[in-house]
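Below are the chains, spelled out letter by letter.
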Amino acid sequence: MEQPTSTAVPLGPPGALEREEAKRRGLRRMKLVALSFLLGATVLFLLASWAQSEGWPAWVNYVRAAAEAGMVGALADWFAVTALFRHPLGLKIPHTAIIPNKKAVLGSSLGDFVGTNFLAEPVVRDKLRRVETSRRVGEWLARPDNAERVTAELATVVRGAVTVLRDEDVQAVMEQAVVKRVLDQQWGPPLGKLLQQVLADGAHHRLVDLVVDRAYEWVRDNHEAVLRVVSDRAPSWSPRFVDTMLADKVYGEVLSFAWAVKTDVNHPLRLAVDRFLVEFAGDLQKDPETIARAEAVKQQLVEHPEVRNVIDSAWTTAKKMLLAAAEDPSSELRRRVATGLAELGARLQSDPALSAKVDGWVEGSAAYVVRHYSSEITTIITETVERWDAEETSRKIELQVGRDLQFIRINGTVVGALAGLVIYTVAQVLF
């Protein structure tokens, strides 16, 4: 059965070839240094062995013991370091080439380690609490240049989002989410409640005053029109001077009535208007016939061509305004956003209650993500490691940590030599 091939996934970020080559050269140099310690111990062992056979003084034995132990330590540590990444000398000795053979296990263990020690809710909460996110963000936002930078980034996001959205799609959403919802709701009861509140507050009196004032001014300035109306309604047999006298009398009465309504806030006509409006507000909420008539008016209003044009062009107009405001650094929108961000940064520093609330939101959000999605996050690590090519992974890891591991070989040579010297010296003293 054909086995699926692994995909070599580079561990370093793109564009890091120069740093990788520098690490490769450093690794080669450290390998040569470690090898030179082994060769030095070997040469010293051979020379000491020859000197011992030639009858040199006893101190040669101490040198030979130290060199021999240094060789053993160097070889043992070379084997240990090499066994991590490959089979030493190509011999498939058990428990060698650990990283290539245990790649999946290492990935799973790494994922579990990260999940347990880094993505645990108490750890995340404690870290965020010590970081003091709100204070740091406040200090950063309070600087005007940073607020302008965030505003510019937000403007770029807005421009991109507005440009990507198709006009017809947005208009369709507006039709479904806004216009249809408005049409589905009865207008009568809400308007009745609004009118009832306006009447209770007495805010309608100014409108009544305006209407009454305009009515009085119209009567005052249209004497000829009143005369003409009365004359046109008079019988054909009535004398002209009688019609004129009657029209003057009617005009005077109308003007006096309009003046009385204008100047007397408790005029019966005003009170009648108040009673009518109160009854009308109640009918809009409770009377089925009035509610039905309000619905008919609503339907006629929405279906009017001009209203439909306004609805259809609302997004186009809003889009042009957003783009113009986002592209202009001196626009009122961008200046207000930048000012608001700077003020928010100042408040985050000076208002402990707001700072604590923001920190609580950040901690809660991070804890929610960790609590519900930590397994998915660690799965990314495990699955990514599983997809790596075994040999390539071994080479990459050795490139990252191999230079430091060569110090183990160097230390093994030095420590082994010292240990051998101590052991030989103790043996000579005791026996």
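Just above, that's the structure.
Here's a quick rundown of the structure. In this text, all values refer to a predicted model and were calculated from it rather than measured experimentally.

Right, let's get into the environment of arginine 29. Along the chain, the position of arginine 29 falls in helix H1 (residues 17–53). The exposure class of arginine 29 is exposed, given its relative accessible area of 52%. As a C-alpha pair, arginine 29 and arginine 403 span 374 residues in sequence and 8.5 Å in three-dimensional space.

Let us now look at the pattern of salt bridges. By the definition in use, this model includes 22 salt bridges. For arginine 335, the salt bridge identified is with glutamate 332, shortest N-O distance 2.3 Å. Here arginine 335 pairs with glutamate 332, and both are found in helix H16 (residues 332–350), just 3 residues apart, close to one helical turn. With its nearest N and O atoms 3.3 Å apart, the salt bridge here joins arginine 347 to aspartate 351. With relative accessibility at 45%, the residue arginine 347 sits in the partly exposed group. Residues joined in a network through salt bridges with shared partners are Glu20, Glu21, Arg24, Arg25, Arg28 and Lys396.

The subject of this paragraph is the side chain of serine 374. Locating serine 374 in the fold gives a position in helix H17 (residues 352–387). For serine 374, the side chain forms a polar contact with the main-chain oxygen of valine 370, separated by 3.0 Å. Excluding residues within four positions of it along the chain, serine 374 makes contact with Leu119 and Val369.

Note that threonine 96 resides in the loop between helix H2 (59–85) and helix H3 (98–101). Looking at threonine 96, the relative accessible area reads 3%, which means it is buried. Within the local environment of threonine 96, its side chain forms a polar contact with the backbone oxygen of isoleucine 93, the two atoms lying 2.5 Å apart. Those residues in contact with threonine 96 that sit more than four places away from it in its chain are Phe79, Ala83, Arg86, His87, Pro88, Leu91 and Asn101.

A cluster of nonpolar side chains, namely Val33, Phe37, Val414, Val415 and Leu418, defines an oily patch on the protein surface of about 400 Å² accessible area. Where the nonpolar patch is concerned, the elements lending two or more residues are H1 and helix H18 (390–430). The leading source of residues in the nonpolar patch is H18, at 3 residues. On the secondary structure map, leucine 418 appears in helix H18. On the basis of relative accessible area, leucine 418 is assigned to the exposed category, the value being 51%.

What follows deals with unusual backbone geometry. The backbone of leucine 89 shows a phi angle near 55 degrees, a positive value even though the residue is not glycine. Positionally, leucine 89 belongs in the loop between H2 and H3. By relative accessible area, which is 71% here, leucine 89 ends up exposed. The backbone of alanine 97 sits at a positive phi, close to 50 degrees, despite the residue not being glycine. Here alanine 97 shows up in the loop between H2 and H3.

Its place among the elements puts lysine 103 in helix H4 (residues 103–117). For the pair lysine 103 and alanine 390, spaced 287 residues apart in sequence, the C-alpha separation works out to 6.7 Å. For lysine 103, the residues in contact, after removing those within four places along its chain, are Val385, Glu386, Trp388, Asp389, Ala390 and Thr393.

In this section: helix H10 (residues 205–221). Given a rise of 1.5 Å per residue, 17 residues ought to cover 24 Å, and the 24 Å separating the end C-alpha atoms of H10 matches this to within 8%. Of all the positions in H10, only Val208, Val212, Tyr216 and Val219 are classed as buried. Along the axis of H10, the buried positions cluster into a sector of 65 degrees, meaning they face one direction only. Set apart from the buried face of H10 by more than 90 degrees, the exposed residues are Arg206, Leu207, Arg214 and Asp221.

Scanning the entire structure with this criterion turns up 6 aromatic pairs. Pairing tryptophan 56 with tryptophan 59 gives two aromatic rings, centres 6.4 Å apart and planes at 65 degrees, and the pair type is edge-to-face. By relative accessible area, tryptophan 56 is classed as partly exposed at 42%. Tryptophan 59 sits in the exposed class, given a relative accessible area of 51%. Measuring from ring centre to ring centre gives 6.0 Å for phenylalanine 276 and phenylalanine 280, while their planes differ by 10 degrees; the resulting arrangement is stacked. On the criterion of helical spacing, the pair formed by phenylalanine 276 and phenylalanine 280 is a turn pair, its members being 4 residues apart in helix H13 (residues 268–286). Feature note: the residues Trp50, Trp56 and Trp59 constitute an aromatic cluster, connected by ring pairs.

Packing of helix H5 (residues 121–131) against H17 brings their axes to within 9 Å, and their N-to-C directions diverge by 155 degrees. As far as their axial angle goes, H17 and H5 are roughly antiparallel. Where H5 crosses over H17, the two elements pack in a sense that is right-handed. Taking contact as the criterion, the partners of Glu121, Val124, Arg125, Leu128 and Arg129 in H5 are, on H17, Val362, Glu363, Gly364, Ala366, Ala367, Val370 and Arg371. Residue classes in the contact of H5 with H17 are distributed as 6 nonpolar, 1 polar and 5 charged.

Rules behind the numbers
- Residues numbered from 1 in each chain as written.
- Predicted model: local features only at pLDDT ≥ 70, side-chain atom pairs only at ≥ 80, totals over all residues.
- Heavy atoms only, no water.
- Helix = DSSP H or I, 4+ residues; strand = E, 2+ residues; numbered from the N terminus.
- Buried < 20%, exposed > 50% of the residue type's maximum accessible area, 1.4 Å probe, protein only.
- Salt bridge = Lys/Arg side-chain N within 4 Å of Asp/Glu carboxyl O.
- Polar contact = N/O pair within 3.5 Å; in protein donor to acceptor, adjacent residues only side chain to side chain.
- Contact = heavy atoms within 4.5 Å.
- Patch = residues over 30% accessible without salt bridge, like charges linked within 9 Å, V, L, I, M, F, W, Y side chains within 5 Å.
- Areas by Shrake-Rupley, 256 points an atom, 1.4 Å probe, with all protein chains shown as cover.
- Expected span 1.5 Å × (residues − 1).
- Arc of directions from axis to C-beta.
- Phe/Tyr/Trp six-rings, centres within 6.5 Å; stacked < 30°, edge-to-face > 60°.
- Axes fitted to C-alpha atoms, helices over the stretch in contact; angles between N-to-C directions.
- Parallel < 35°, antiparallel > 145°, perpendicular 65-115°, else oblique.
- Left-handed = near helix turned anticlockwise from the far one by under 90°.
- Nonpolar A, V, L, I, M, F, W, Y, C, P; charged D, E, K, R; others polar.

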